[in-house]
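# Analysis of the macromolecular model
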Amino acid sequence: MFKKILIANRGEIALRVIRTCREMGIKTVAVYSTADQDSLHVRFADEAVCIGPAPSSESYLKMVNIIAAAEITNADAIHPGYGFLSENARFSKLCQDHDIKFIGATPEMINRMGDKANAKSTMIAAGVPCVPGSEGVIEDFETCEKVALETGYPVMLKASAGGGGKGMRAVWKAEDLRDAWDSARHESKAAFGNDDMYMEKLIEEPRHIEIQIVGDAYGKACHLSERDCSVQRRHQKLTEETPSPFMTDELREAMGNAAVAAAEYIKYEGAGTVEFLVDKHRNFYFMEMNTRIQVEHPITEEVVDYDLIREQIMVAAGIPISGKNYFPKLHSIECRINAEDPFAGFRPAPGKITSFHAPGGHGVRLDTHVYAGYTIPPNYDSMIAKLICTAQTRDEAINKMKRALDEFIIEGIKTTIPFHRQLMDHPDYVAGNYTTKFMEDFVIEKTI
Ligand code: MV4
């Protein structure tokens, strides 16, 4: 087992990893930028190394500085969290070359799943349902036209290097295909330095339902059921829940087995998430596979009573998984609390927190790194807390979330708490009747 783990991240996920390491008796090293010298992950780690100035490119993304920090503190593993270098193949390789265990995917696996067209071909070979469309990357526009006719409009053009919606275009009729092709490739080239495109039949008003999987070093994988992440604004998840209100036992069985089949086919090691699109007829289709721990992992932990960070560390240390699958025994909802103004287009609102009262009580979990007196730096992601409420039923979980949001006091900055409070009263949300289109029609009431 590892003696010392360096956490190459910041904020709530750095604290999350430190907590589990401490429970496992593993020493921790925090890395921080000059903007984060007063952050809690610096305070709670056993050691801390400043790796550079505020800009991420000079600190949390500066691979050589992070490796140097691991060398001088003699860390034997690095946990990347999510975002930053968590799915960076070069960093995974750099750790390998320095004999430091990367608690994440191998460089090969990151590249294989990061290339969306290639990932899809792999899933087809593994027998995982995929959206009909092109066989891999589309060579030229003439082929694009032909594939669109074969697939049948409406179609979705997607960037193979993409993800999160960048370089993606829905095309409803043939006359719009050329412009969509040109603009999607241009956007993808600018964003990823790669303009490879593939095409799929457009799935209308899909739900985004993802399956948590864990694979070990011996080819075995298991699943820990689903998370419904359909409530998104501009491809940013706002709230997630498990079980999905759209799920049935049969669908969970089918999606869970497909995700395990995919993980075992590629011999996936570590925690991963297989994302699916689910249409109104409950047909499910592979969308993407993420090779990192996700922001929303706590709702799974709460309903199956399982520490996913602990499992990542155990698998990375070569310990086999039990192999059984996990099914929700409770209902859990996560609200992402961001330092943004929901009454001003969710624009970022950094600043100093002048007072802070955390909600609590049975079934309330708050994963956060902020505190009264903390100044939120403008350099990083605006998420400041994850409020997770868990109960026996969905209605009780919603009720608990409303109570927790009402007692959650953060003053000095604007946050998305008022938005989440209104969401919990929205009739379609309360009815579990929502798809990825939900936020397009959501109108936030201006409160006094
Ligand atoms: C789709 C789709 C409809 N049909 N693919 C969005 C980003 C990336 N994860 C893939 N996405 C989509 N792919 C087909 N064939 C609709 C979306 C989509 C979406 C998916 C999940 C969550 C939110 C979304 C918001 C807009 C579009």
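Residues numbered from 1 in each chain as written. Predicted model: local features only at pLDDT ≥ 70, side-chain atom pairs only at ≥ 80, totals over all residues. Heavy atoms only, no water.

In the nomenclature of an unreviewed UniProt entry, the protein is known as Biotin carboxylase of Wenyingzhuangia gilva. Under Function (unreviewed entry), UniProt gives the following word-for-word description of the protein: "This protein is a component of the acetyl coenzyme A carboxylase complex; first, biotin carboxylase catalyzes the carboxylation of the carrier protein and then the transcarboxylase transfers the carboxyl group to form malonyl-CoA." (UniProt positions renumbered as here; feature names shortened; annotations may be inferred.)

With that out of the way, let us pick up the sheet that holds strand E8 (residues 197-201). Judged by pairing direction, the sheet is antiparallel, and its three strands sit side by side in the order E7-E6-E8 without closing on themselves. Of all strands in the sheet, those with a lone pairing partner are strand E7 (169-171) and E8, marking the two edges. Recorded for the sheet is a direction-independent mean angle of 25 degrees between the axes of neighbouring strands. Note: strand E6 (residues 155-159) against E7, three bridges, orientation antiparallel. When the bridges of E7 are listed, leucine 157 appears paired with arginine 169. Against the sheet, helix H7 (residues 141-151) contacts E6 and E8, and its axis sits at roughly 15 degrees relative to E8. Relative to the sheet, helix H8 (residues 177-192) contacts E6, E7 and E8, its axis offset from that of E7 by approximately 175 degrees. (Pairing = 2+ DSSP bridges. Helix = DSSP H or I, 4+ residues; strand = E, 2+ residues; numbered from the N terminus. Axes fitted to C-alpha atoms, helices over the stretch in contact; angles between N-to-C directions. Contact = heavy atoms within 4.5 Å.)

Let us now look at the site of the ligand. If you check the shell around the ligand, you find 17 residues, and the closest are Lys158, Glu200, Lys201, Ile203 and Glu288. A distance of 2.9 Å is found between a nitrogen atom of the ligand and a backbone nitrogen or oxygen belonging to isoleucine 203. Considering the ligand on its own, with 520 Å² of exposed area, one finds that the protein chains cover 88% of that surface. Residue-level mapping places the shell around the ligand at the junction of two domains, with at least three residues from each of domain 2 (132-201) and domain 3 (207-440). (Near = heavy atom within 4 Å. Polar contact = N/O pair within 3.5 Å; in protein donor to acceptor, adjacent residues only side chain to side chain. Areas by Shrake-Rupley, 256 points an atom, 1.4 Å probe, with all protein chains shown as cover. Domains from an automatic or database assignment.)

In terms of domain boundaries, the protein breaks down into domain 1 (4-103), domain 2 (132-201) and domain 3 (207-440). Each of domain 1 and domain 2 was reduced to a C-alpha centroid, and the two centroids are 37 Å apart.

On to the packing of aromatic side chains. For the structure shown, the criterion picks out 13 aromatic pairs. Ring geometry for phenylalanine 276 and phenylalanine 284: centres 5.4 Å apart, planes at 85 degrees, overall edge-to-face. Here phenylalanine 276 falls in the buried class, since its relative accessible area comes to 0%. An angle of 70 degrees between the planes, with centres 4.8 Å apart, marks the rings of tyrosine 306 and tyrosine 326 as edge-to-face. Residue tyrosine 306 is located in the loop between helix H10 (297-304) and helix H11 (308-316), and its partner tyrosine 326 is located in the loop between H11 and strand E16 (331-338); the two are separated by 20 residues in the primary sequence. In this structure, tyrosine 306 and tyrosine 326 share a single accessibility class: buried. The ring of phenylalanine 141 has arginine 178 lying over it, and the distance from NZ or CZ to the ring centre is 4.4 Å. Taking NZ or CZ as reference, arginine 282 lies 4.0 Å from the ring centre of phenylalanine 246, over its face. (Phe/Tyr/Trp six-rings, centres within 6.5 Å; stacked < 30°, edge-to-face > 60°. Buried < 20%, exposed > 50% of the residue type's maximum accessible area, 1.4 Å probe, protein only. Lys NZ or Arg CZ within 6 Å of the ring centre and 35° of its normal.)

Our focus in this paragraph is the UniProt feature "domain: ATP-grasp" (unreviewed entry) in the protein. Mapped onto this structure's residue numbering, the UniProt feature "domain: ATP-grasp" (unreviewed entry) falls at residues 120-317. Taken end to end, residues 120-317 has its terminal C-alpha atoms 30 Å apart, with 34% of it in helix and 27% in strand.

As a further point, take the side chain of arginine 394. When you line up the elements, arginine 394 lands in helix H12 (residues 394-407). Assessed through its relative accessible area of 12%, arginine 394 is described here as buried. Filtering out sequence-adjacent residues up to four positions away, arginine 394 remains in contact with Glu241, Pro245, His331, Tyr429, Val430, Ala431, Gly432 and Tyr434.

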